[in-house]
Amino acid sequence: MAKQVPLMFKPELLSPAGSLEKLIASTSYGADAVYLAGQKFGLRTAAENFTLDELEEGVQFAHARGSKVYTVLNSFLHDEDMLELPEFIRHLSRLNIDGVIASDLGVITSVAKHSSLPIHLSTQASCLNVDSALYWKDLGVHRLILGREASISDAKKIKDATGIEVELFIHGSMCMAYSGNCTISNFTQGRDSNRGGCAQSCRFSYSLEYKNEADSEAETFSNTFFMSSKDLMGIELIPQFFDAQIDSLKIEGRMRSPLYAAMISKIYREAIDVYASNPNDFQNLLKNWRQELDLIPHREYSPGNLAHPASELSVNKQSKKPLETEKYEFIGLIKKIVPDQYLLVEARNPFSAEEPIELVTQKGSPIQFAAKNIQSSTGVKIDRAKQGTLVRIPFIAQAQTGQVLRKHIHT
Amino acid sequence: MKITSQANSLHELQLLKGHGITDVLLGLRELSRFGNLDLRLLNEMAIQTRNLGMRPILEWDVLMTNDRMIHAKKTLALIDLGLFSAIRVQDSGALHVSKKMFPDLPIQLILETGNHNLEGVKRWCDSVGNQLERVILSNELAGTTLAHYIKNLSVPVEVLGLGPILIFYTPRYLLSFQKKDLNWLSQETSVNTHRVEALAHAEEGFHKGFRLLENQHGTFMFHAKDYCLIDRLDQLFEMNLDTIRIDLKMNGDQSALPAVTKLIDKANRLQFESLLADRFIASYPNKVTRCFFQKNATDVIFKKLTNEHIVRNDDHFVGEVVEVAKDRYLLIHVQSNRLNLKREQSYSFSTPEGKVKEVLISKISDLDRNEIMEAVKNDFVIIPYQKSITPKTIITLTLN
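Given the structure is predicted, the values throughout are model-derived calculations rather than measurements.

With respect to the overall build of chain B
(1) Moving on: Summing up its helical and strand segments, chain B has 11 helices and 22 strands in all.
(2) Moving on: The C-alpha atoms of chain B give 30 Å as radius of gyration, which overshoots the globular expectation for 400 residues (21 Å, by more than 25%).
(3) Moving on: Looking at chain B as a whole, 45% of its 400 residues are labelled buried.
(4) Moving on: Sequence-distant contacts in chain B: of pairs separated by 6 or more residues, those separated by 24 or more amount to 65%.

Next up, the structure:
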């Protein structure tokens, strides 16, 4: 058997942090870096996002664990939005964040003027080819988050030609349009999709009436989800990401739950580490990771454009969500540990004293148990934890604050 | 105001003659989103455009992955660029190629996607330098903003004056994917002439009548109505707009052209008549909209996407109510780095429903019911029950 030589290059795993608790989940479960937004300038207006105090706390938490923090400023800002931007940039600079993600040239100019923060070109700019990359390099960006239409092979060519870092999405929801080139929400609902108001019109069901010049009767298809993209999943392509030396692998999902942030980070962390240290083991373990990813609520998966141009199979045609016969449900977060006594858990979904639940640990298999003795926050014995309550469950030695609990549901 | 429009055949080019049109957009099917000219016809039409006293503009407005860019560059090498007065690009890669490879060819830069701040538009202009002939700005700009930009830019500005509003562009072939008998993707010979059209209606809500066009570059979706500033020509003239674009490609014919160019001519001679403009709009084959020309308020709704009652203000924020045990207690999570929760101190409780209640904290206990004087960050503590307070209520220090 050939000796396995550890690989020197390892891409950054970049996970979403839609809130402080999601930042804690992502970094605790293996993200090398997280991306987040302040309360303005990002593209997820409906997300919780970070106040300045939370941002400071998040940066401190992440940096203490060796994780980087990138802040998104990737809205296409209007003139009136620009007024408050310099102060925010200076604040980010004082916090020592590790980079900003921007696509608007006005924002990029402002960042360069008011700080020396590294600038990552957002996927919103749809940078897809070597020449585009060279132009943006001249404009001062330090990393290119390529458009989702770019393949791994494109990314390698761009990196080789420009010498600057490249980042690709590896997992999560995808726009169907060239990013930044969809204004359906703007014109139909008065919500600026490029300032955080996307109404997800591409996920709606449509009837399609085909124009047929040869035949006066138009052909119609009802209830189609013709513009809804499947979710991206690139775990099988990790060897190609290594070969192409893609600097950063990004997971989409700032709006998703802490369980999502934790699990996706953990799975991809393991996959990257295994391939880096023992490439021959990667294929053996791939099936397990796939099974785990299948149990996280998602649309059908597709490799998108990572290996080949997205085909018909990349469209989530049939329904908004695949039929889920089994899935993981988010039970709650460990908020506090009283050693040898109890874990204080914030219940995000109900669970009862008898049903099996799982503590997702940072490494290895989850710990399965039944919280036979559930108590209210004040220590009164109860049969069932209600959603939104704080409860005590029996102490588990391996538990840590911020860890997530899940339930395996079969329907 | 100069007028620009496009021509997809020699016949269409002849129709543009004599209507005051200065620039004619010519689209080679490999480089242009909607142009369908082959190389021979492109060259011929460029010559004809000049002969007719107009300026031929090479339209290179597709977005390109790296392979498509390589192919585009090969195609460009076959074009006699000396025939063209300018090149029109959106993809920053196309801009880069135009600057490096054709430094003598003026550039018309499409900034219609985003670019809603003057600082950014100026930076684009500066990055192109003297080669930049014109910028094409977004149809989402309000009229006042457009006027401000025109005044403050050193480069002439063009906007769409009449034509379809592109609201979605993907390289995927969504109409063929849906209708199997359109599966042309494996048929190499049909690629360049492929064209499918459809209307899309959302099954629920008010998204009706979107026009869809699929060609070799992917799928394009247009608003149900055309964009129209024809009844605002006097304002456009007053703000010194350099060029107005008339785009009739989705109409199937150029029949609206004589009337609209006549109206523009009148505006240029300070003889604009709104009554005539209204008549034109009434007779125009499509419904029209001015969209955001009056005002762009596409961020107003954002406040409704988050619950403003429970948005944190770091300066006075203390924590939030996690749990309510009716008639017994409130469970509070202290989250602030700056402020502790203290006994005998007044706090404002702001519920998600919008109620605000001032509460003097008379007693604080830890989870084991031990009384404490104050609670610090990350503590979970209990205070006496308060009516009408619900979970997620935000607690802030009352300001005297």
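Description of the overall build of chain A
(1) Moving on: Within chain A, the regular secondary structure consists of 11 helices and 22 strands.
(2) Moving on: For 411 residues, the compact-globule estimate of 2.2 N^0.38 gives 22 Å, and chain A sits close to it at 22 Å.
(3) Moving on: Over its C-alpha atoms, taken along the principal directions, chain A stretches across nearly 70 × 60 × 60 Å.
(4) Moving on: Taken across its 411 residues, chain A has 53% of its residues classed as buried.
(5) Moving on: Sequence separation of 24 or more characterises 65% of the internal contacts of chain A that already satisfy a separation of 6 or more.

Overview of the pairing of strand S4 (residues 86–89) of chain B
Residue and element names in this part refer to chain B.
(1) Moving on: A two-sided burial pattern is seen for S4, the buried positions comprising Ala86 and Arg88 on one face and Ile87 and Val89 on the other.
(2) Moving on: Pairing between strand S3 (residues 55–60) and S4: four bridges, direction parallel. Among the inter-strand pairings, leucine 58 is bridged to a residue of S4, identified as isoleucine 87.
(3) Moving on: Where S4 and strand S5 (residues 107–111) come together, three bridges link them in parallel fashion. The residue bridging valine 89 from the neighbouring strand is leucine 109, located in S5.
(4) Moving on: Since S4 and S5 lie parallel, the crossover through helix H4 (residues 92–101) that links them has a hand, and here it is right-handed.

Regarding the packing of helix H4 (residues 85–94) of chain A against helix H5 (residues 105–114) of chain A
Residue and element names in this part refer to chain A.
(1) Moving on: For the pair H4 and H5, the least separation of the axes is 9 Å and the interaxial angle reads 55 degrees. Considering the angle they form, H4 stands oblique to H5. Here the hand of the crossing between H4 and H5 comes out right-handed. Residue-level inspection shows Leu85, Pro86, Ile89 and Arg90 of H4 in contact with H5, the latter providing Val107, Ser110, Val111 and His114.
(2) Moving on: Looking at the contact of H4 with H5 residue by residue, the class counts come to five nonpolar, two polar and one charged.

Points about the domain arrangement of chain B
(1) Moving on: Taken domain by domain, chain B comprises domain 1 (2–162 + 231–289) and domain 2 (305–397).
(2) Moving on: Computed over C-alpha atoms, the centres of domain 1 of chain B and domain 2 of chain B are 59 Å apart.

Focus on the domain arrangement of chain A
All names here are of chain A.
(1) Moving on: Per the domain assignment, the segments of chain A are domain 1 (12–179 + 230–314) and domain 2 (326–410).
(2) Moving on: Computed from C-alpha coordinates alone, the two centres of domain 1 and domain 2 are separated by 30 Å.
(3) Moving on: Contributions of two or more residues to the side of domain 1 that touches domain 2 are made by helix H1 (20–28) and helix H10 (258–277).
(4) Moving on: In terms of residue count, H10 provides more of the side of domain 1 that touches domain 2 than any other element does, five residues in total.
(5) Moving on: Looking at the side of domain 1 that touches domain 2 residue by residue, the class counts come to 10 nonpolar, three polar and two charged.

Remarks on the interface of chain B and chain A
(1) Moving on: Between chain B and chain A, the residue contacts involve 62 residues of the former and 75 residues of the latter.
(2) Moving on: Of the residues contributing to the side of chain B that touches chain A, the split by class is 29 nonpolar, 20 polar and 13 charged.
(3) Moving on: Bridge count between strand S8 (residues 206–210) of chain A and strand S8 (residues 195–202) of chain B: five bridges; the pairing is antiparallel. Bridge pairing links A:Leu208 to B:Ala200 in S8(B).

What about the nonpolar core?
Burial of nonpolar side chains together is a common tendency in soluble globular proteins.
(1) Moving on: Within the largest apolar cluster, 229 residues are counted, with the highest numbers of intra-cluster contacts made by A:Leu144, A:Leu146, A:Leu168, A:Tyr268 and B:Leu26.
(2) Moving on: Among the elements that make up this core, the one with the highest residue count is H10(A) (11 residues).
(3) Moving on: Leaving out residues up to four positions away in the same chain, A:Leu146 has contacts with A:Thr123, A:Cys127, A:Leu128, A:Ala155, A:Ile158, A:Val166 and A:Leu168.

Here we look at the packing of H10(A) against helix H11 (residues 279–294) of chain A
All names here are of chain A.
(1) Moving on: Put simply, H10 and H11 touch, their axes get as near as 9 Å, and they point 170 degrees apart. Relative to H11, H10 is oriented roughly antiparallel. Contacts between H10 and H11 involve Met263, Ile267, Glu270, Ala271, Val274 and Tyr275 from the former and Pro279, Asp281, Phe282, Leu285, Trp289, Glu292 and Leu293 from the latter.

A short note on the sheet that holds strand S14 (residues 342–347) of chain A
All names here are of chain A.
(1) Moving on: Judged by pairing direction, the sheet is antiparallel, and its eight strands sit side by side in the order S17-S16-S22-S13-S14-S21-S18-S19 without closing on themselves. Unpaired on one side and paired on the other, strand S17 (367–370) and strand S19 (381–382) mark the two borders of the sheet.
(2) Moving on: Examined bridge by bridge, strand S13 (residues 326–338) and S14 share six bridges and lie antiparallel to one another. In the strand pairing of S14, isoleucine 337 is matched with leucine 343.
(3) Moving on: Together, S13, strand S16 (356–360) and strand S22 (404–410) form the strand contacts of H10, whose direction differs from that of S22 by roughly 90 degrees.

Focus: the pairing of S17(A)
All names here are of chain A.
(1) Moving on: Pairing between S16 and S17: four bridges, direction antiparallel. Bridging across to S17, glutamate 358 finds its partner in glutamine 368.
(2) Moving on: If you look at the hairpin formed by S16 and S17, you'll find six residues sitting between the two strands, and glycine 364 has a positive phi there, around 80 degrees.

Quick notes on the environment of B:Ser32
Residues and elements named next belong to chain B.
(1) Moving on: Within the secondary structure, serine 32 is located in the loop between strand S2 (21–26) and helix H2 (39–51).
(2) Moving on: Accessibility expressed as a C-beta count within 10 Å gives 23 for serine 32, which makes it buried.
(3) Moving on: Taking C-alpha positions, serine 32 is 9.4 Å from valine 89, a pair spaced 57 residues apart along the chain.
(4) Moving on: The residues touching serine 32, leaving out its near neighbours within four places in the chain, are Gly27, Glu59, Trp60, Asp61 and Val62.

Description of H2(B)
Residues and elements named next belong to chain B.
(1) Moving on: Helix length check: H2 (13 residues) gives 19 Å between terminal C-alpha atoms against 18 Å at 1.5 Å per residue, within 8%.
(2) Moving on: If you check which residues of H2 are buried, you get Leu42, Met45, Ala46 and Thr49. Projected down its long axis, H2 carries its buried residues within an arc of 110 degrees, all on one side. Exposed positions of H2 whose direction lies more than 90 degrees from the buried face are Arg40 and Asn51.
(3) Moving on: On the buried face of H2, the contacting elements are helix H1 (10–16), S2 and S3.
(4) Moving on: Immediately downstream of H2, the backbone of glycine 53 shows phi near 85 degrees, a positive value.

With respect to unusual backbone geometry
(1) Moving on: In this structure, A:Asn96 is a non-glycine residue whose phi angle is positive, near 60 degrees.
(2) Moving on: Its place among the elements puts A:Asn96 in the loop between H4 and strand S4 (99–102).
(3) Moving on: At B:Leu270, a position not held by glycine, the phi torsion is positive, near 55 degrees.
(4) Moving on: Within the secondary structure, B:Leu270 sits in the loop between helix H9 (257–268) and helix H10 (274–283).
(5) Moving on: Residue class for B:Leu270 comes out exposed when judged on the 9 C-beta atoms lying within 10 Å of it.

Thresholds, definitions, all that
- Residues numbered from 1 in each chain as written.
- Chains lettered and ligands numbered in written order.
- Predicted model: local features only at pLDDT ≥ 70, side-chain atom pairs only at ≥ 80, totals over all residues.
- Helix = DSSP H or I, 4+ residues; strand = E, 2+ residues; numbered from the N terminus.
- Rg over C-alpha atoms; globule rule 2.2 N^0.38 Å.
- Buried ≥ 20, exposed ≤ 12 C-beta atoms within 10 Å, placed from the backbone.
- Contact = placed C-beta atoms within 7 Å.
- Pairing = 2+ DSSP bridges.
- Right-handed = clockwise from strand over helix to strand, strands pointing away.
- Axes fitted to C-alpha atoms, helices over the stretch in contact; angles between N-to-C directions.
- Parallel < 35°, antiparallel > 145°, perpendicular 65-115°, else oblique.
- Left-handed = near helix turned anticlockwise from the far one by under 90°.
- Nonpolar A, V, L, I, M, F, W, Y, C, P; charged D, E, K, R; others polar.
- Domains from an automatic or database assignment.
- Core = buried A, V, L, I, M, F, W, Y, C linked by C-beta atoms within 7 Å.
- Expected span 1.5 Å × (residues − 1).
- Arc of directions from axis to C-beta.

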